[in-house]
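Chain by chain, the residues run as shown.
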Amino acid sequence: MSSYLGSVRSVRGSRVPLVGLAGTTSGEQTAAKDTTSFGRSAQEALDRILQSPDFHATPRSRRFLTYVVEETLAGRAERIKSFSIATDVFGRGSDFDAHSDPIVRLEAGRLRRALEQYYLKAGREDPLIISIPKGGYVPLILPRIKVETGARRALAKPRPIFLGAVAALGLASAVSVVMSPPWRSDPTVPAVPRLLVRPFEDLSRSGNSAAFTAGLTHEIIGQVAKFKDIVTVEGREATSSAGDKARYELSGNVSLGEDTVRLQARVLKTEDSSVLWAQSYEADFEPSQLIAIEKEIANQIATALGQPYGVIFRADAERVVAHAPDDWAAYSCTLSYYAYRANIDARTHPAVRQCLEDAVARFPSYATAWALLSQTYIDEIRFGYPVGSSMSPTSLDRALAAARRAMEIDPQNVRALEAEMFALYFSGQVDASLSLGKHALATNPNDTELMGEYGSRLAVSGQWDEGCSLIAEARGRNPGPLGYYEAILSVCAYFRNDYKTAAMWI
């Protein structure tokens with residue numbers, strides 16, 4: 001059995017670089033230098049944590065952290081599993097069984113808490129942040145600009161499994177028929193979902209609990225509102241008209257202990273009060289970190305509910321609307337786009353394009369439809385899709401025009417920003433594309449669809465470390481089409497010369 005107990009400090013120098021390509025161009029050589037520099041910076045970040053008196057971790061947790069970080073820097077991140085950690089770090093035998101021996105899972109939880117405490121104190125100004133995301137043991141090593149500073153990461157339950165986007169044109173294969181749909185048939189506004197956010201209930205009713213609970217409610221509203229295809233309705237205000245009623249309702253309760261904050265949240269379908277989604281969040285609590293904790297929990301809830309392939313998307317994708325009005329038909333075109341996007345299927349592409357073209361003709365101020373239409377045009381160019389004879393040929397100019405139309409309508413719409421990023425990239429304006437992608441991610445850092453696409457543009461432009469890290473994070477947080485991310489992760493592994501992992505992802 002190989003042991004990692006006495007050699008964790010050996011991963012330096014030649015083992016750190018993640019890129020080593022024969023016959024590289026000057027740009028690729030620069031990227032390789034940047035990668036080596038990043039490796040050194042990451043190793044320094046690890047050393048800083050281990051040497052800090054504010055990193056309150058057991059010797060076993062320290063070995064755990066050293067192992068996963070240095071294996072990642074050595075280009076072996078995809079091999080970090082509970083078995084390898086148990087045998088190489090904790091000295092377990094080859095008969096280790098994660099189901100009967102929870103040592104890795106328990107130590108991972110302790111390590112996450114120790115890192116959170118460290119970044120609240122000694123590490124609050126560190127240029128790189130190392131974290132161990134829930135659901136795995138591969139660390140994220142990201143520049144501080146990409147990670148919320150000062151926040152304690154809420155410990156969420158495992159995210160729901162993606163059930164598949166069933167929104168084909170007309171939504172004919174969906175699960176249930178809604179007899180009295182709670183949306184308005186308005187000829188000028190698409191039927192995007194409305195989410196009523198009720199004030200969260202304060203169960204503690206002492207100290208800072210009331211202020212924290214109110215602040216958390218407002219922070220969730222603000223973060224969900226960044227997803228432009230969801231209309232958030234605050235408080236108890238819902239009109240008496242059934243047609244104007246929100247489709248979904250978010251509510252919950254908050255309890256504050258001496259050192260723990262716990263949130264229980266749920267989303268109901270307003271048409272029948274059935275529970276669509278429920279989740280619990282916990283975090284260590286300090287009065288000085290109230291705002292940071294509010295923001296971190298709100299970020300996780302906003303991502304779960306608002307992202308493409310998230311909770312609300314899946315619920316709408318499973319609807320069938322008999323004799324659908326134009327406003328619902330236009331909105332369903334965006335659902336159909338994501339169903340197509342899950343498989344990138346050339347056979348359904350023409351129908352999706354036609355649907356989106358009809359949507360923007362009926363609703364010329366529907367920014368999201370313009371943005372997704374632009375991306376269908378780009379797909380024809382980059383994938384060489386044939387189109388039906390009745391359709392006019394596409395072009396980069398046409399894709400860019402559609403993206404810019406979306407931007408004119410709503411410059412804060414992340415789909416619009418993403419579409420223009422794509423169009424600029426494929427027209428050869430790489431620097432402008434990446435700059436726009438960075439701005440888009442800052443606009444809504446909880447949008448994992450954009451995170452993965454921007455990460456992909458960064459990676460294939462030579463910024464492998466940052467790009468591939470974003471792609472891996474997007475894959476971990478988005479319940480959508482994992483194959484799309486995994487295909488790009490295979491390229492990431494290939495350019496690390498890790499051919500075994502590349503083949504595994506492929």
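Quantities reported herein were computed from a predicted structural model and do not represent experimental measurements.

*Asks:* Looking at this structure, how should I read the confidence of the model for the protein chain?
*Replies:* Detailed reading of predicted coordinates is not advised where the pLDDT is low. Mean pLDDT over the protein chain: 79, with 80% of residues reaching 70 or higher. Counting interchain partners and residues more than four positions distant, the pLDDT-below-50 stretch residues 145–187 has 121 contacts. Confidence over residues 237–243 falls short of pLDDT 50; this stretch has 8 contacts with residues more than four positions distant or in other chains.

*Asks:* Even after reading the chapter, I still don't get the side chain of D498, so can you show me in this structure?
*Replies:* Relative to the helices and strands, D498 resides in the loop between α16 (482–494) and α17 (499–505). For D498, a relative accessible area of 6% translates into the label buried. A polar contact is formed between the side chain of D498 and the side chain of R79, at a distance of 3.1 Å. If sequence neighbours within four positions are ignored, D498 has contacts with G75, R76, R79 and A493.

*Asks:* I tried to follow the packing of helix α13 (residues 430–443) against helix α14 (residues 448–460) on my own but got confused; where do I start?
*Replies:* In a packed pair of helices, the relevant descriptors are the angle between the two axes and the axis-to-axis distance. It is the contact of α13 with α14, at a shortest axis distance of 10 Å, that shows an interaxial angle of 155°. When the axis of α13 is compared with that of α14, the two are roughly antiparallel. Handedness of the crossing formed by α13 with α14: left-handed. Residue-level contacts link L434, G437, K438, A440 and L441 of α13 to L450, M451, Y454, R457 and L458 of α14.

*Asks:* Is there a simple way to think about helix α8 (residues 326–343) in this case?
*Replies:* In a regular helix each residue adds 1.5 Å, so 18 residues correspond to 26 Å; α8 covers 26 Å between its end C-alpha atoms and thus fits that length. Of all 18 residues in α8, 14 are buried, a share of seventy percent or more. Immediately beyond the C-terminal end of α8, within one or two residues, lies I344, with a positive phi of roughly 45°.

*Asks:* Hey, could you run me through empty space enclosed by the protein in this one?
*Replies:* A water-sized probe rolled over the atoms picks out the places where empty space is left. In the structure shown here, the tally under the stated rule is 1 cavity of 30 Å³ or more. Reported here for the largest cavity is a volume of approximately 250 Å³. If you trace the largest cavity, you find 22 residues lining it, with D229, G306, Q307, P308 and Y338 closest to the centre. A per-element tally of the lining of the largest cavity places α8 first, with 4 residues. Looking at the lining of the largest cavity, its residues break down into 11 nonpolar, 6 polar and 5 charged.

*Asks:* Which parts of the structure should I look at to understand the pairing of strand β8 (residues 248–256)?
*Replies:* Two faces belong to every sheet, and in a regular strand the side chains alternate between them. For β8, the buried fraction is high: 8 of the 9 residues fall into the buried class. Inspection of the sheet shows strand β5 (residues 194–197) paired to β8 by 3 bridges, in the parallel sense. For V197, the partnering residue across the bridge sits in β8 and is L250. Bridge analysis of strand β6 (residues 201–202) against β8 gives 2 bridges, and the strand direction is parallel. Bridge pairing in β8 links E201 to N253. Where β8 meets strand β9 (residues 260–269), 9 bridges bridge the pair, whose relative direction is antiparallel. Considered in β9, the bridge of L256 is made with V261. Counting the residues that bridge the hairpin from β8 to β9 gives 3 residues.

Scoring rules and cut-offs
Counting restarts for each chain: residues are numbered from 1 in the order of the written sequence. Totals for whole chains, interfaces and linings use every residue, but because this is a predicted model, local features are given only for residues with pLDDT of at least 70 and side-chain atom pairs only at 80 or more, for both listing and counting. Derived side-chain values reflect all non-hydrogen atoms in the structure, with water molecules and hydrogen atoms excluded from consideration. Confidence of the predictor at the level of single residues is given by pLDDT, which spans 0 to 100. Residue contacts are counted whenever heavy atoms from the two residues lie within 4.5 Å of one another. Note on conventions: DSSP H or I runs of at least 4 residues are helices, E runs of at least 2 residues are strands, and numbering of each starts at the N terminus. Buried, partly exposed and exposed residues are distinguished by accessible area as a fraction of the type maximum, computed with a 1.4 Å probe on protein chains only: under 20%, between the cut-offs, and over 50%, respectively. For this analysis, a polar contact is any N or O atom pair within 3.5 Å, provided that within protein one partner can donate a hydrogen and the other can accept it, and provided that sequence-adjacent residues contribute only side-chain to side-chain pairs. In this analysis an axis means a line fitted to C-alpha atoms, helices contributing only their contacting stretch, and an angle means the value between N-to-C directions, from 0 to 180 degrees. An angle below 35 degrees is read as roughly parallel, one above 145 as roughly antiparallel, one from 65 to 115 as roughly perpendicular, and any other as oblique. When the near helix sits turned anticlockwise from the far one by under a right angle, the crossing is termed left-handed; a clockwise turn instead gives a right-handed crossing. Expected span of a helix: the number of residues minus one, times 1.5 Å. Residues are said to line a cavity or pocket when one of their atoms sits within 4 Å of a point; the points come from a 1 Å grid over protein atoms alone, cavities being sets where a 1.4 Å probe fits but cannot get out and pockets being open sets with protein on both sides within 12 Å along at least five of seven lines. Grid points are joined across faces, edges and corners, and a volume is the space filled by probe spheres set on the points. When residues are sorted by character, Ala, Val, Leu, Ile, Met, Phe, Trp, Tyr, Cys and Pro go into the nonpolar class, Asp, Glu, Lys and Arg into the charged class, and all the rest, Gly among them, into the polar class. DSSP bridges decide pairing: two strands pair if at least two such bridges lie between them.

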